[in-house]
Amino acid sequence: MDIYLDANATTPVLPQARQAALAVMAEDFGNPSSVHSTGLKARAWVDDVRARARRVLGAERGQLLFVSGATEGIQTAVVSALHSARERGLQWQCLLYGATEHKAVPEALRHWNALLGLNLEVLAIPVGSDGRHDLVWLRQHAPRAALVCTMAANNETGVISDLDGIAQALQGSPALWMVDGVQALGKMPLRLAERGIDYAPFSGHKLYAPKGIGMLYVREGAPFTPLLTGGGQEGALRAGTENMSGIAALGAVLAALEDGVTFQPHDQLVRYRDQLAAALKQAFPGLVFNAPLERCLPTTLNFSVPGLSSKLLLDLFDAAEVHVSGGSACSAAKAQPSPVLQAMGLPEAQAAGSVRLSFGPVVDARFVDEACARIRVCGESLRQSCLDATVPGQGAPADGLTRFVVDGACCYLLADAASRQAVVIDPLPELTERLAQWLACQAYTLVAVLDTHSHGDHASSAGELRDSVGVANMTGAPIDALGWPVGAEALTLGARRLTRLPTPGHTADAHTLLLHVHGTLQLAFVGDTVLPGALGRSDFAQSAPKAFAGSLCTLRDAVGLDTLLLPAHDYDDQFATTLGVEIAAQPLLAAVLSGEMGAEAFAAAKAQLELNLGLTAYQTVACGAQVGARCEAAARDLSPADLLQWLQAQPNLQLVDVREAYEQRLGNVPWPDDAAAMQAVPLSRLPEALPRWLRNANQGPVVFFCRSGSRSAQAARALRRLGHAQAFSLRGGLALWPRAAGVAVDAALAI
Ligand code: PLP
């Protein structure tokens, strides 16, 4: 069973609402404007639902219009208020909206303000750390405002506005008042008429009606301008033939609100919320709630777990089939902090790591119990992966290389299970706590913290990490500025050996670290000397541009063309590269390595390239300049249907689960274990696994999968770029895999 905990985004449609919609589609399908009996029946539905809505909303008088949703209701209210402001011609100065309002409100204000030529100042009403409006500020500004918009309850945090306080602050102001009632509907009384609210938009799909139906309340006497004109429907206030199935379904939801049994009473919802909050606290002991629960709708919990990103938490919950949402928009390469939480003054990391869990008032004890049980399992899985900072000592010993990435910068942890020793390469300040926690949890001894070079974009956090963990100095020798024991030829961790090679260029002190396993060179940490698709820039104060060409030749002589090179920056999720791949992509590199271009000419050509190096997609200093044509290996993805066919037809197919161990541990992979050669290679462990597939590139296709298809696409692209033509990813990931049709899947697999 899926545990859907994202009701503030949308809800399923109540069975009785579905039935009502079907009834008006199949039987009473008339147009309410027709005068024959089919039309009259449809009209009766509309009248009946409107009467119910008036009762439920406490809006006996005024207009109650059916619209397509809250966004349309908001536009209509804004157009009405702004048009009237223009007509009234007072000395308006501003339009006000709560700083945590849904985007539809400020966007509508700005849009219509410009379009109607009012050009008033559009100002956000500040909120306190509890998410509530600053009423002193509001009282000061309201006398100059044409319209004030304050939501009844917030969609991200569930914070309930002090509508009575706002009503008082607006007393004596000529401003019209819009209250977005979307998240409040069915969860708290609004007393629209009593409070003197002028406009209140609602959306059906947030409360078990379908998408595409909503309502707008307009106070009797409040100015009104239709947004849509045409056939005169809705008393000529909103033209367009009515969405009859939506209205009928909404009517069934309103009837459920009135019957007093379908929806849980407030006290019961509070008990369920408290039960979920306790389960979350138990699962993630460091968790903080981002809004005071006593000020919030009982159906919304917004929280952050220090040290864990919202992406990680969402992946984890999803693996347990618990569907929640992240408070931050991930539109950019970097997770953006939630503007709502920022407006409340929360620290950026907390605002960027928030998770929202929301349920509707049709829940029951069984659902909540199951949700709590799965939340606890999620916490347990994190502990197994040593990701819970409060509980050390539970992980199984890890072995090998793990990659961490922060805004395109890479840090590597090399662990040796046999000796219980670890080395960190190119530490990043954001990871100090997590690495320290991991080492303590695994009971590993940190034997070195190494930098490949003195970084130009950030200060090394090696000292911080050493201080927080303590480093066992194996050689007894003092360490140099990059953490390497002075005079040591190699660092040994069990069967693994690290040696280093001076490769000045990007910086004068740059070194490449070579990893040998059982005496064989396995891969090289090249810092920023060579990046996938780029060469490290050499215009920093600490750069040695004229030494760069020689270092590239030294590197080639030491590692050849096929050894995997792991960079200190990976802006495009390519993971690794080889000199062979880069020679094909970068003419400048090819020219240097073939001897065609000397050190001086190379330094001059590079300086030219670096003249206008902009910031990266992460808004950080770019450490590499793209040299030559970008060699973009396209990911090739398979639809679930393709993969089902391949599973039967390709005996050598390898399926690779690139989800992290804390997700894999939760199971729920929809195909049987023996469906294909199945491997678990979390994305953070991918670099070490790449050579294995590259060595056996003719052993059949490799299909990566993950939760949504994005991480697996990265893995497939990386492997393809390195020369494995048969690397694919499963489009849409496990999310789109036909799980409900389990029988069909089994049949397709012939089991
Ligand atoms: N207002 C609030 C508070 C919301 O949560 C939403 C939807 O998320 C909207 C307005 C917009 O609703 P719709 O997209 O249904 O028009």
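As named in an unreviewed UniProt entry, the protein is cysteine desulfurase, taken from Pelomonas baiyunensis. Per UniProt, the comment on the protein under Catalytic activity (unreviewed entry) is "(sulfur carrier)-H + L-cysteine = (sulfur carrier)-SH + L-alanine". The protein has a UniProt comment under Cofactor (unreviewed entry) that states "pyridoxal 5'-phosphate".

Enquirer: For this particular structure, what's the right way to read the overall build of the protein?
Expert: If you tally the helices and strands in the protein, you get 24 helices and 30 strands. Considered along the principal axes of its C-alpha atoms, the protein spans approximately 90 × 65 × 50 Å. When the 751 residues of the protein are sorted by exposure, 56% land in the buried category. For the protein, contacts bridging at least 24 residues in sequence account for 69% of all contacts bridging at least 6. Looking at the protein as shown, the accessible area adds up to about 29100 Å², and 53% of this sits on carbon and sulfur atoms. Averaging the positions of the 58 positive and the 71 negative side-chain charges in the protein gives two centres separated by 3 Å.

Enquirer: What's the story with the state of the cysteines in this structure? I'm lost.
Expert: A covalent bond between the sulfur atoms of two cysteines is referred to as a disulfide. Tallied over the entire structure, the rule returns 1 disulfide. Cys-386 shares a disulfide with Cys-441; S-S distance 2.0 Å. When the S-S torsion is -70°, as for the bridge of Cys-386 with Cys-441, the disulfide is left-handed. Separated by 55 residues along the polypeptide, Cys-386 in the loop between helix H13 (365-384) and strand E14 (400-406) and Cys-441 in helix H14 (residues 432-442) bring together distant segments of the chain. Taking relative accessible area as the criterion, Cys-386 reaches 1% and is therefore assigned buried. When its relative accessible area of 4% is taken as the criterion, Cys-441 is described as buried. With no disulfide of its own, Cys-94 lies closest to Cys-149 among cysteine sulfurs, the gap being 11 Å.

Enquirer: Quick question: what am I supposed to make of the pairing of strand E30 (residues 727-730) here?
Expert: Looking along a regular strand, one sees side chains alternate from face to face of the sheet. A two-sided burial pattern is seen for E30, the buried positions comprising Ala-727 and Ser-729 on one face and Phe-728 and Leu-730 on the other. Where strand E26 (residues 637-638) and E30 come together, 2 bridges link them in parallel fashion. From the neighbouring strand, Leu-638 faces E30, where its bridge partner is Leu-730. Sheet analysis places strand E29 (residues 702-705) next to E30, joined by 3 bridges and oriented parallel. From the neighbouring strand, Phe-704 faces E30, where its bridge partner is Ser-729. Running through helix H23 (residues 710-721), the crossover from E29 to the neighbouring parallel element E30 is right-handed.

Enquirer: What is the right way to look at the sheet that holds E26 in this model?
Expert: Pairing between the strands of a sheet comes from backbone hydrogen bonds, and it takes one of two forms, parallel or antiparallel. Judged by pairing direction, the sheet is parallel, and its 5 strands sit side by side in the order E26-E30-E29-E27-E28 without closing on themselves. Among the strands making up the open sheet, the edge pair consists of E26 and strand E28 (677-680). Direction of pairing for strand E27 (residues 654-657) relative to E29: parallel, over a ladder of 4 bridges. By the bridge assignment, Val-656 is partnered in E29 with Phe-704. In the packing of helix H22 (residues 686-695) onto the sheet, the strands contacted are E27, E28 and E29, and the crossing angle to E29 comes to about 160°. Packed onto the sheet, H23 meets E29 and E30 and runs at close to 175° relative to E30.

Enquirer: Hey, could you run me through the pattern of salt bridges in this one?
Expert: Close approach of charged atoms lets side chains of opposite charge pair. Per the counting criterion, the structure on display carries 35 salt bridges. Between Arg-374 and Glu-370 there is a salt bridge; the shortest N-O distance is 2.7 Å. One end of the pair, Arg-374, and the other, Glu-370, are both in helix H13, 4 residues apart, so they sit about a helical turn from each other. Since its relative accessible area comes to 29%, Glu-370 is described here as partly exposed. Among the charged side chains, a network of salt bridges with common partners joins Lys-311, Asp-315, Asp-318, Glu-663, Arg-707 and Arg-711.

Enquirer: Please clarify how the confidence of the model for the protein should be interpreted in this entry.
Expert: The predicted coordinates of low-pLDDT regions are not to be read in fine detail. Per-chain confidence: the protein averages 91 in pLDDT, with 93% of residues scoring 70 or above. Low pLDDT (under 50) marks residues 741-751, which in the prediction has 13 contacts with non-local residues, meaning those over four places away or in another chain.

Enquirer: Whenever I open this one, the packing of helix H16 (residues 548-559) against helix H19 (residues 599-609) confuses me. Can you help?
Expert: Where H16 contacts H19, the axes come no closer than 8 Å and their chain directions differ by 110°. Comparing the axis directions of H16 and H19 gives the class roughly perpendicular. Here Phe-548, Ala-549 and Leu-552 of H16 lie close against H19, whose contacting residues are Ala-599, Phe-602 and Lys-606. Among the residues forming the contact of H16 with H19, the class breakdown is 5 nonpolar, no polar and 1 charged.

Enquirer: Looking at this structure, how should I read the pairing of strand E13 (residues 355-358)?
Expert: In E13, alternate side chains face the same way, and those of Val-355 and Leu-357 on one face and Arg-356 and Ser-358 on the other are all buried. Pairing of strand E10 (residues 300-304) with E13 involves 4 bridges; the strand directions are antiparallel. Of the residues in E13, the one forming a bridge with Thr-300 is Ser-358. Strand direction decides the pairing type here: strand E12 (residues 325-326) and E13, joined by 2 bridges, are antiparallel. Bridging from a neighbouring strand, Gly-326 pairs with Val-355 of E13.

Here is what the cut-offs are and how they apply
- Residues numbered from 1 in each chain as written.
- Predicted model: local features only at pLDDT ≥ 70, side-chain atom pairs only at ≥ 80, totals over all residues.
- Heavy atoms only, no water.
- UniProt positions renumbered as here; feature names shortened; annotations may be inferred.
- Helix = DSSP H or I, 4+ residues; strand = E, 2+ residues; numbered from the N terminus.
- Buried < 20%, exposed > 50% of the residue type's maximum accessible area, 1.4 Å probe, protein only.
- Contact = heavy atoms within 4.5 Å.
- Areas by Shrake-Rupley, 256 points an atom, 1.4 Å probe, with all protein chains shown as cover.
- Lys, Arg positive; Asp, Glu negative; His and termini not counted.
- Charge placed at Lys NZ, Arg CZ, Asp CG, Glu CD.
- Disulfide = S-S within 2.5 Å.
- Pairing = 2+ DSSP bridges.
- Right-handed = clockwise from strand over helix to strand, strands pointing away.
- Axes fitted to C-alpha atoms, helices over the stretch in contact; angles between N-to-C directions.
- Salt bridge = Lys/Arg side-chain N within 4 Å of Asp/Glu carboxyl O.
- pLDDT = per-residue confidence, 0-100.
- Parallel < 35°, antiparallel > 145°, perpendicular 65-115°, else oblique.
- Nonpolar A, V, L, I, M, F, W, Y, C, P; charged D, E, K, R; others polar.

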